[in-house]
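Observations on chain architecture
This is what each chain is made of:
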Amino acid sequence: MNISVIAVGKLKESYWREAIQEYSKRISRFAHFEIIELPESRLSDNPSDAEIALALQSEAKLMQPYLDRKGSYNIAMCVEGKLISSEELAKEIDSTGVNGFSNINFFIGSSFGLSDTVKKSCKLRISMSRMTLPHQLARVVLTEQIYRALTINNGVKYHK
């Protein structure tokens, strides 16, 4: 199984990168894991709706090759997505392999989210919380939850 997190923006602080590295190492026991960082569109301090739409469209173009990967199950991480438990994520990951998918791609957009084009290209939309999280923290939480789901699926004692 190949699992990718395709995210707009870079992790700037070392503590976020260290957390990601730790969970990436743990995930590697169960699957090939990678985080792909895409450049964030530059916006003015007070962007118009049109400027935001253009930026989201530009970011969607950068995501397109990953959306088109053969054998991929694409998941959009977005505020209007479905709230799911760790166990439900584990079942979702487990069922992808059974249903013939060899890749799972999680998409995290910029602070303005994901374009409708990306969301429509995904088989599932997941929300992490009703609360607003910094994107760096969201990436760490998602990576930890992927690890947790894999431990659940493999009967490894971690999930409590």
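Look up a bit, the structure's there.
Residues numbered from 1 in each chain as written. Predicted model: local features only at pLDDT ≥ 70, side-chain atom pairs only at ≥ 80, totals over all residues. Heavy atoms only, no water.

1. Brief notes about the nonpolar core
Ranked by internal contacts, the top residues of the largest apolar core, which has 24 residues, are I3, V5, I75, F106 and I146. Broken down by secondary-structure element, the contributors of at least two residues to this core are β1 (2–8), α1 (14–27), β3 (72–83), α3 (86–98), β4 (103–108), β5 (124–127) and α5 (135–153). The element best represented in this core is α5, accounting for five residues. In contact with I3, other than residues within four places in its own chain, are A31, H32, F33, E34, I104, F106, I146 and L150. Among the nonpolar cores identified, the runner-up in size contains 14 residues, and I6, I36, A60 and V118 belong to it. (Core = buried A, V, L, I, M, F, W, Y, C linked by side-chain atoms within 4.5 Å. Buried < 20%, exposed > 50% of the residue type's maximum accessible area, 1.4 Å probe, protein only. Helix = DSSP H or I, 4+ residues; strand = E, 2+ residues; numbered from the N terminus. Contact = heavy atoms within 4.5 Å.)

2. Comments concerning the pattern of salt bridges
On inspection of all chains with the given rule, the structure shows eight salt bridges. A salt bridge links K119 to D116; the nearest nitrogen and oxygen atoms lie 4.0 Å apart. Residue K119 and its partner D116 are located together in helix α4 (residues 116–121), separated by three residues, close to a single helical turn. For K119, a relative accessible area of 11% puts it in the buried group. The partner of R148 in a salt bridge is E144, with the nearest N and O atoms 2.8 Å apart. Of the two residues, R148 and E144 both sit in helix α5, four residues apart, roughly one turn of that helix. In terms of burial, R148 and E144 fall into one category: buried. Among the ionic contacts, a cluster of salt bridges with common partners joins K10, E37 and R139. (Salt bridge = Lys/Arg side-chain N within 4 Å of Asp/Glu carboxyl O.)

3. What to know about the packing of α3 against α5
Running from amino to carboxyl end, α3 crosses α5 at an angle of 75°, the nearest separation of the two axes being 8 Å. Here α3 is positioned roughly perpendicular relative to α5, judged by the angle of their axes. Residues S86, E87, L89, A90, K91, I93 and D94 of α3 form the contact with α5, whose own contacting residues are Q145, I146, R148, A149, L150, I152 and N153. Residues of the contact of α3 with α5, tallied by class, amount to seven nonpolar, three polar and four charged. (Axes fitted to C-alpha atoms, helices over the stretch in contact; angles between N-to-C directions. Parallel < 35°, antiparallel > 145°, perpendicular 65-115°, else oblique. Nonpolar A, V, L, I, M, F, W, Y, C, P; charged D, E, K, R; others polar.)

4. Description of empty space enclosed by the protein
Evaluated as defined, the whole model comprises one cavity of 30 Å³ or more. Taken as a whole, the largest cavity encloses approximately 30 Å³ of empty space. What lines the largest cavity is L56, E59, A60, M63, G109, G113, L114, S115 and V118. Here the lining of the largest cavity takes four residues from helix α2 (residues 49–67), the largest share from any one element. Partitioned by chemical class, the residues of the lining of the largest cavity number five nonpolar, three polar and one charged. (1 Å grid on protein atoms, 1.4 Å probe; cavity = no way out; pocket = protein on both sides within 12 Å on 5 of 7 lines; lining within 4 Å. Points joined across faces, edges and corners; volume = space filled by probe spheres on them.)

5. A few points about α5
With 19 residues, α5 should reach 27 Å at 1.5 Å per residue; the first-to-last C-alpha distance of 27 Å fits that figure. Note on α5: the residue one or two positions beyond its end, G155, has a positive phi of about 65°. (Expected span 1.5 Å × (residues − 1).)

6. What about the packing of aromatic side chains?
Tallied over the entire structure, the rule returns five aromatic pairs. When the centroid spacing of 6.4 Å and the interplanar angle of 40° are considered together, the rings of F30 and Y147 count as tilted. With F30 in the loop between α1 and β2 (32–38) and Y147 in helix α5, the pair connects residues that are 117 residues apart, well separated along the chain. Residue classification places Y147 among the buried positions, given a relative accessible area of 6%. Measuring from ring centre to ring centre gives 5.2 Å for Y73 and F101, while their planes differ by 70°; the resulting arrangement is edge-to-face. Taken as a pair, Y73 in strand β3 and F101 in the loop between α3 and β4 lie far apart in primary sequence, 28 residues in all. Of the residues examined, Y73 reaches a relative accessible area of 9% and is grouped as buried. Grouped by ring-pair contacts, the aromatic residues Y23, F30, Y147 and Y158 constitute a single cluster. (Phe/Tyr/Trp six-rings, centres within 6.5 Å; stacked < 30°, edge-to-face > 60°.)

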